[in-house]
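So the chains spell out like this:
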Amino acid sequence: MNGLFALGSGGAAVVTSFTLLVGIRGKNKIEIDKEHVPYWAYGIGLLSANAGAAFSGLGAVGTQFNTAFTQANGLGEWKAGATAAVLTIAVFGLKPRAWKDSLFGAIAPSVFTAAGGVWTFLVTLPTSIITALVS
């Protein structure tokens, strides 16, 4: 069965990435506000989990981001939920910056999945909806 748009996860990830790239510049017909960049990037991160090898690096970056905190001995015990919280605060608590919000938004799904618990809900529900629309 085809989804509403029948793009496939890889095609949807490319289309979303290209739209974000074009929209951030603000010099074209598509314009994306700085405040909306994390949501676009989060969608790219969700789609990349099911996309091809070209997007597999996003999950790896998220895993390495989490590993950097958990292996820092000076912080004491650090779990993936703390990394997810720091990532969320960095996106929504700091002034919007396209580069920061694009990177953090795209790696957030892999960090949230590693954190488990309530954080996983933020990945599974939107992934189910998006998959139904684009597959």
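Coordinates for the structure precede this section.
Values in this document were obtained by computation on a predicted structure and should not be read as measured data.

**Student:** So, the packing of aromatic side chains: which residues are in play, and what are the values?
**Tutor:** In this description, a pair of aromatic rings is defined by centroid distance and the angle of the planes. Under the defined criterion, the tally for this structure stands at six aromatic pairs. When the ring of Tyr-39 is compared with that of Phe-92, the centres are 5.8 Å apart and the planes differ by 40°; the resulting orientation is tilted. One end of the pair, Tyr-39, is in helix H2 (residues 37-48); the other, Phe-92, is in helix H4 (residues 80-93), and 53 residues separate them in sequence. Note on Phe-65 and Phe-104: the rings are 5.7 Å apart at their centroids and 50° apart in plane angle, and the pair reads as tilted.

**Student:** Which residues make up a nonpolar patch on the surface, and what values do they have?
**Tutor:** A cluster of nonpolar side chains, contributed by Phe-121, Leu-122, Leu-125, Ile-129 and Leu-133, occupies part of the molecular surface with about 450 Å² of accessible area. Topologically, Ile-129 is positioned in helix H6 (residues 118-134).

**Student:** Go over the side chain of Ser-102 with me, naming the residues and quoting the values.
**Tutor:** For Ser-102, the location among the structural elements is in helix H5 (residues 98-115). Only 2.7 Å separates the side chain of Ser-102 from the backbone oxygen of Ala-98, close enough to count as a polar contact. Look past the residues within four positions of Ser-102 in its chain and what remains in contact with it is Leu-20, Ile-24, Val-37 and Ala-41.

**Student:** Pulling in residues and values, what's your account of the pattern of salt bridges?
**Tutor:** Applying the stated criterion across every chain, the model contains two salt bridges. Across the pair Lys-79 and Glu-77 runs a salt bridge whose closest N-O atoms are separated by 3.5 Å. The residues Lys-79 and Glu-77 share a single accessibility class, namely exposed. The partner of Asp-101 in a salt bridge is Lys-100, and the shortest N-O contact between them spans 2.6 Å. You can call Asp-101 buried: its relative accessible area is 1%. In this structure Lys-100 comes out as buried when scored by relative accessible area, which is 6%.

**Student:** Describe in detail the packing of H2 against H5, supporting the description with residues and values.
**Tutor:** For the pair H2 and H5, the least separation of the axes is 7 Å and the interaxial angle reads 40°. The orientation of H2 relative to H5 falls into the category oblique. When you trace H2 past H5, the crossing you get is right-handed. For the pair formed by H2 and H5, the contact residues are Val-37, Pro-38, Ala-41, Tyr-42, Gly-45 and Leu-46 on the first element and Ala-98, Asp-101, Ser-102, Gly-105, Ala-106, Ala-108, Pro-109 and Phe-112 on the second. Among the residues forming the contact of H2 with H5, the class breakdown is ten nonpolar, three polar and one charged.

**Student:** Requested: an account of helix H1 (residues 8-25), with residues and values cited.
**Tutor:** Here H1 spans 26 Å end to end across 18 residues, near enough to the 26 Å set by a 1.5 Å rise per residue. Every buried residue of H1 is listed here: Ser-9, Ala-12, Ala-13, Thr-16, Thr-19, Leu-20, Val-22 and Gly-23.

Rules used throughout
Residues numbered from 1 in each chain as written. Predicted model: local features only at pLDDT ≥ 70, side-chain atom pairs only at ≥ 80, totals over all residues. Heavy atoms only, no water. Phe/Tyr/Trp six-rings, centres within 6.5 Å; stacked < 30°, edge-to-face > 60°. Helix = DSSP H or I, 4+ residues; strand = E, 2+ residues; numbered from the N terminus. Patch = residues over 30% accessible without salt bridge, like charges linked within 9 Å, V, L, I, M, F, W, Y side chains within 5 Å. Areas by Shrake-Rupley, 256 points an atom, 1.4 Å probe, with all protein chains shown as cover. Salt bridge = Lys/Arg side-chain N within 4 Å of Asp/Glu carboxyl O. Polar contact = N/O pair within 3.5 Å; in protein donor to acceptor, adjacent residues only side chain to side chain. Contact = heavy atoms within 4.5 Å. Buried < 20%, exposed > 50% of the residue type's maximum accessible area, 1.4 Å probe, protein only. Axes fitted to C-alpha atoms, helices over the stretch in contact; angles between N-to-C directions. Parallel < 35°, antiparallel > 145°, perpendicular 65-115°, else oblique. Left-handed = near helix turned anticlockwise from the far one by under 90°. Nonpolar A, V, L, I, M, F, W, Y, C, P; charged D, E, K, R; others polar. Expected span 1.5 Å × (residues − 1).

Read these as layout, nothing more, since geometry by itself doesn't imply function.
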